[in-house]
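Observations on chain architecture
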Amino acid sequence: MEIFPALLSVLTDPTLLFAIVLAAAVGMIVGATPGLTASAAIAMLLPITFYMPPLFALAFLYVIGKSGRYGGSIAAILFNTPGTAASAATQIDGYPLARSGKAGKAMKVATISSIIGDLMGDILLVVGVGFIAAIALKLGPPETFAIYFAAFVVIGSVIGKSIVKGLASALLGILIAMVGLDPISSEERYTFGSFDLSNGVGLVPLMIGVFVLGEVFAQMEERRKAKGDIEENESSESGNSLSWEEYKPCLPHAFRGGFIGAGIGVLPGLGSAIAAFISYGEGKRRAKNPEKWGKGALEGVAAPEAANNAVSGPSMAPLLTLGIPGSTIGAILLGVFLIHGIQVGPTLFLTDKELVYQLFACGMLGIIAYGVIGYFGATQVARLILKIPTNVLYPMIFLTAFVAAYSARGSMFDVTVMTVAGFGGWLMRKYDFNIAACVISFVLAKGAEETFRQSLLMSESGPLVFVERPIALAFLILGLAAMAFRIRGILKERRIAQGGLGDA
Amino acid sequence: MKRRTFVSAAVAAIAVTVSTTASMAADWPKRPINLVVPYKAGGGTDAYARAISAAAEGILDVPVVVVNKPGSGGLNGANSVVGARPDGYTMMMTSGGSFLLSTMTRDTEIDALESFQFVAQVGQLQTSLMVPKNSPFQSVQDVIDAAKANPGSLRWAHSGRGGFHHVGGLGFLANNGIEAQDVPFKGGGPTRAALIGSQADFGFLGVQQLAGFEEQLRALAVNSQDRDGIMKNVPSFGELGIPFAAVSSPVIVFAPKDTPADVVAAMEAALAQIAEKPEFAELLASRGTGPVYQNGADAKATLTSMKADATPLVESLTN
């Protein structure tokens, strides 16, 4: 239990505590500002940390990463703009809540759920860092593909009224994911000779396009029809406070999200966005009130927020012991270790054990710091933002969408991608196609394709490789079983309520 | 006293003349220098750039700012520098071997040898043949024998087709007349993890990737004539008498084509000084890499001869 002396040594160091609180605040602000991401902030602050002691530098950047991930939910709820890729799932319910004047409530749920998820992830990391690394090594391409396969089932729970349109949307997502370099042969495909397209379509511009710009276009159309008779965002006292009674139903979703996120964090490369969507899908499937999900259910904020924050902790295990970064932030942290002359690898826990546990302790204190700032500060921010009338807010959102798409990679081409995706998102809304299914399959398709083809190259028995390896087989069966249950559920619903498929 | 004034006046006069003839170099650098790295932060080339940036203090009067422009196998960043203003404030540091190979295999107008000026080489990344610790292969000959006994049964991992690790591996296979199925992974870290987890029989990955993983992996040989300057315990193909293709990746700083010659020369001199600084070597040592300096002309010659070595392998790739 090396964590306790580490916690104590961090708590008795006032400058370090100050750095943690500062990092928590910086992370929240950059996460909440559309166009700034925690990874961009870390990259910018990296040179400064060269002159700090290693623990100071690592703790500062690590906490920014953590609180930035949480800060993304603020932008998702208030502006419908995913501050980070991981918060796209949060906006599905978070933004409708904000529009009905419950922004403060939604943000408090997001804060509590983030803390729960993040702490669960960190506890798992502290307790089982060696074990996690061992698992990550056992999972080769066939196992990873089986996990992707099981994750695809999630699409079923967000698929919406029309199964045909839902599947078409998912296929569209897969098709977009195919653009760029072939993951195995490194040859260009679907690039039509365009150099920019050879890099593939970025997740951030795509999401900002379909979610934000698409929404703005849809709203503009509504307004024209309604001749300006659209309700303004009103914020009331009751919309900002959160009672225990209200949070209680969120609790199981937060804990489930925490487990899903922590599990996904163990697997290098899957990432927070996938964790958030899986948790959202699973949550909706098990919810008592699935009809409210997507229209402003507090549980729909709790599930993805807990999951995307829970990824942070366990993803440090493959990073520290195997040198595999699970995210951009992970890659930068890896650089910081090396710049300070600390060799990342299986020997890290022998050579720099104290430092590593102190870093974990800083991470936990960082969670508490952003939790406190978020819980009491976010409501104030929400109140301020919602005072802005929609006819001012929408142009602002419109503008930030452009800034956000450009600044993620400093690429004008991404702005084009976002604009095209925006029109696509608007058309998909108009004709009832399913945007969530499209984005989820986009996120999953790349990894699934890569691992599937790697498995076949590795295998001497063709596709049988998935059956021969027990872990892979287990996940395939899990996926198929979930699918079978889902079909049975739909058939039952259909029998009960003739006509509609009910579940949205 | 009088004499002294005269001398100092003369020195000043000479200094003025020198500075007017070399006005561009004397003016440079006035602003921070942007060093574009066409890969993500945290990678091998990025580590070199960060170390340059840290060690440049005291040698260059302005900061060296590392700008990561990843994408398209390093061509994204190269594209942004090839069209940059040639004023000496935008340069690129890239992994020369990977850059050369991607210009050969991909549809691009950039020519690694012609589109830029070579400023200097500051480091070297070399690929090597590694196996998991529990592998039955104790030597390179074991791998060759196993592949010959059962052609096509072995699987080997590398960090992406068309990269210098892949081409180096292909060169090893072709020169020894053996066949094995390749399994590409995305980048060095995942390749190493896959090899540790015995997902493949052997792999070609950077020799520096062994640092800290000596208990998990066994490096059988480094892909060069002589041993690596830092990972000295790993034998080389050259000393083992095993034929190979001389593909490596010198870490080179490039400047846009029309950058004034005196600015390039000034940067070259600065890089030579930086490469000699002990701090620079220290920053790189934990990564298993170190400084390997060559001036611009020599770096260009190295890359030119590598192109000749790689051409047949690349042709076998693209057909």
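Residues numbered from 1 in each chain as written. Chains lettered and ligands numbered in written order. Predicted model: local features only at pLDDT ≥ 70, side-chain atom pairs only at ≥ 80, totals over all residues.

A word on the overall build of chain A
Test applied: We count a stretch as a helix when DSSP gives it H or I for four or more residues in a row; a strand needs E for two or more, and each element gets its number in order from the N terminus. We compute the radius of gyration over the C-alpha atoms and compare it with the globule rule, which gives 2.2 Å times the number of residues raised to the power 0.38. Once C-beta atoms are placed from the backbone, each residue is buried if 20 or more other C-beta atoms lie within 10 Å of its own, exposed if 12 or fewer, and partly exposed for counts between those two. Contacts here follow a simple rule: the backbone-placed C-beta atoms of the two residues must lie within 7 Å.
Secondary structure assignment for chain A yields 23 helices and 2 strands. Computed over the C-alpha atoms, the radius of gyration of chain A is 22 Å, within 12% of the 23 Å expected from 2.2 N^0.38 for a compact globule of 504 residues. Counting only residues that meet the buried cut, chain A has 57% of its 504 residues in that class. Considering only residue pairs separated by 6 or more positions, chain A has 79% of its internal contacts joining residues 24 or more positions apart.

Some details on the overall build of chain B
When helices and strands are tallied, chain B shows 12 helices and 11 strands. C-alpha extents for chain B along the principal axes are approximately 90 × 40 × 30 Å. Looking at chain B as a whole, 55% of its 319 residues qualify as buried. Counted over contacts in chain B with a minimum sequence separation of 6, partners at least 24 positions apart contribute 78%.

Let's talk about the packing of helix H13 (residues 272-286) of chain A against helix H21 (residues 435-458) of chain A
Residues and elements named next belong to chain A. Heads up, the condition is: A fitted line through C-alpha atoms serves as each axis, taken over the contacting stretch for helices, and the angle formed by two N-to-C directions is quoted from 0 to 180°. Small angles under 35 degrees read as roughly parallel and large ones over 145 as roughly antiparallel, with 65 to 115 read as roughly perpendicular and the rest as oblique. Two helices that cross are described as forming a left-handed crossing if the nearer one is turned anticlockwise from the farther one by less than a right angle, and a right-handed crossing if clockwise. Polar here means any residue outside two lists: the nonpolar Ala, Val, Leu, Ile, Met, Phe, Trp, Tyr, Cys and Pro, and the charged Asp, Glu, Lys and Arg; Gly therefore counts as polar.
Remark: H13 packs on H21, axes separated minimally by 10 Å, with the N-to-C direction vectors making an angle of 135 degrees. Considering the angle they form, H13 stands oblique to H21. H21 is crossed by H13, and the crossing has left-handed handedness. Contact with H13, carried on its side by Ala273, Ile274 and Phe277, involves Ile440, Val443 and Leu444 of H21 and no other residues of that element. Considering only residue class, the contact of H13 with H21 consists of 6 nonpolar, no polar and no charged.

Things to note about the nonpolar core
Test applied: Note on definitions: a nonpolar core is a set of buried residues drawn from Ala, Val, Leu, Ile, Met, Phe, Trp, Tyr and Cys, linked by C-beta atoms within 7 Å.
Formed by 257 residues in total, the largest nonpolar core has its most connected members in Ala59 and Ile77 of chain A. With 17 residues, the single largest contributor to this core is helix H6 (residues 103-138) of chain A.

Quick notes on the environment of Arg494 of chain A
All names here are of chain A. Mapped onto the elements of the fold, Arg494 is located in helix H23 (residues 470-496). Judged by the 13 C-beta atoms lying within 10 Å of it, Arg494 falls in the partly exposed class. When the C-alpha atoms of Arg494 and Val336 are compared, they prove to be 56 Å apart, with 158 residues separating the residues in sequence.

With respect to the interface of chain A and chain B
With 31 residues of chain A at the interface, the matching set in chain B holds 34 residues. Grouping the amino acids of the side of chain A that touches chain B by side-chain chemistry returns 18 nonpolar, 12 polar and 1 charged.

Here we look at the sheet that holds strand E2 (residues 64-68) of chain B
Residues and elements named next belong to chain B. This is how the line gets drawn: Strands pair, by our definition, only if DSSP identifies at least two bridges between them.
Strand order in the open sheet made by the 6 strands is E2-E1-E3-E10-E4-E11, with mixed pairing throughout. Edge positions in the sheet fall to E2 and strand E11 (291-295), since each of these pairs with one other strand and no more. Pairs of neighbouring strands in the sheet enclose a mean axial angle of 25 degrees, with direction left out of account. In terms of strand pairing, strand E1 (residues 33-37) meets strand E3 (residues 90-95) through 3 bridges, oriented parallel. Within E3, the residue paired with Leu35 across the bridge is Met91. Sheet contacts for helix H10 (residues 261-276): strand E4 (116-125), strand E10 (249-256) and E11; angle to E4, the most-contacted strand, approximately 10 degrees.

A closer look at the sheet that holds strand E5 (residues 127-132) of chain B
Strands belonging to one sheet form pairs held by backbone hydrogen bonds; the direction of such a pair is parallel or antiparallel. Residues and elements named next belong to chain B. An order of E7-E6-E8-E5-E9 is seen for the 5 strands of this open sheet, with the pairing classed as mixed. The outermost strands of the open sheet, each flanked by one partner alone, are strand E7 (181-184) and strand E9 (217-222). Mean inter-strand twist for the sheet, computed between neighbouring axes without regard to direction, equals 30 degrees. Bridge analysis of strand E6 (residues 155-158) against E7 gives 4 bridges, and the strand direction is parallel. Each bridged residue has a counterpart across the sheet, and for Arg155 the counterpart in E7 is Gln181.

Overview of the pairing of E5 of chain B
Residue and element names in this part refer to chain B. Along E5, 5 of the 6 residues are buried, which leaves the element largely enclosed by surrounding structure. Looking at chain direction, E5 and strand E8 (residues 202-206) are connected through 4 bridges and run antiparallel. Opposite Thr127, over in E8, you have Gly206 as the bridge partner. Alignment of E5 against E9, held across 5 bridges, turns out to be antiparallel. Bridge assignment links Val131 to a residue of E9, and that residue is Arg218.

Observations concerning the confidence of the model for chain A
All names here are of chain A. Worth spelling out the cut-off: On a range of 0 to 100, pLDDT expresses the predictor's confidence in each residue.
Confidence in the prediction of chain A, expressed as mean pLDDT, is 83, and 91% of residues score 70 or more. Confidence drops under pLDDT 50 across residues 228-232; counting only partners more than four residues distant or on other chains, this segment forms 6 contacts. Long-range and interchain partners of residues 500-504, a stretch whose pLDDT sits below 50, account for 12 contacts in this model, where long-range means more than four residues apart.

Here we look at helix H11 (residues 278-285) of chain B
Operational definition: Within this analysis, the arc is defined by the directions that extend from the helix axis to the C-beta atoms.
If you check which residues of H11 of chain B are buried, you get Phe280, Leu283 and Leu284 of chain B. Seen along its axis, H11 of chain B keeps its buried residues to an arc of 95 degrees; they face one direction.

Comments concerning the environment of Thr105 of chain B
Residues and elements named next belong to chain B. Summarising the element assignment, Thr105 is placed in helix H5 (residues 96-105). A tally of 20 C-beta atoms within 10 Å means that Thr105 is categorised as buried. Considered as a pair, Thr105 and Arg161 are 56 residues apart in the sequence and their alpha carbons are 10.0 Å apart.

Some words on the packing of helix H5 (residues 88-99) of chain A against H6 of chain A
Residues and elements named next belong to chain A. In the contact formed by H5 and H6, the axes pass within 7 Å of each other and the chain directions differ by 150 degrees. Our classification of the angle between H5 and H6 gives roughly antiparallel. Here H5 and H6 pass one another in a crossing that is right-handed. Facing H5, whose interface residues are Thr90, Gly94, Leu97 and Ala98, H6 presents Ala103, Lys105, Ala106 and Ala110. Broken down by class, the residue content of the contact of H5 with H6 amounts to 5 nonpolar, 2 polar and 1 charged.

With respect to unusual backbone geometry
All names here are of chain B. Here the residue pair Trp28 and Pro29 is connected by a cis peptide bond, since its omega of 0 degrees sits within 30 degrees of zero. Although it is not a glycine, Ser198 sits at a positive phi angle of roughly 55 degrees. Structurally, Ser198 can be placed in the loop between helix H8 (188-196) and E8. Its 15 C-beta neighbours within 10 Å are what place Ser198 among the partly exposed residues.

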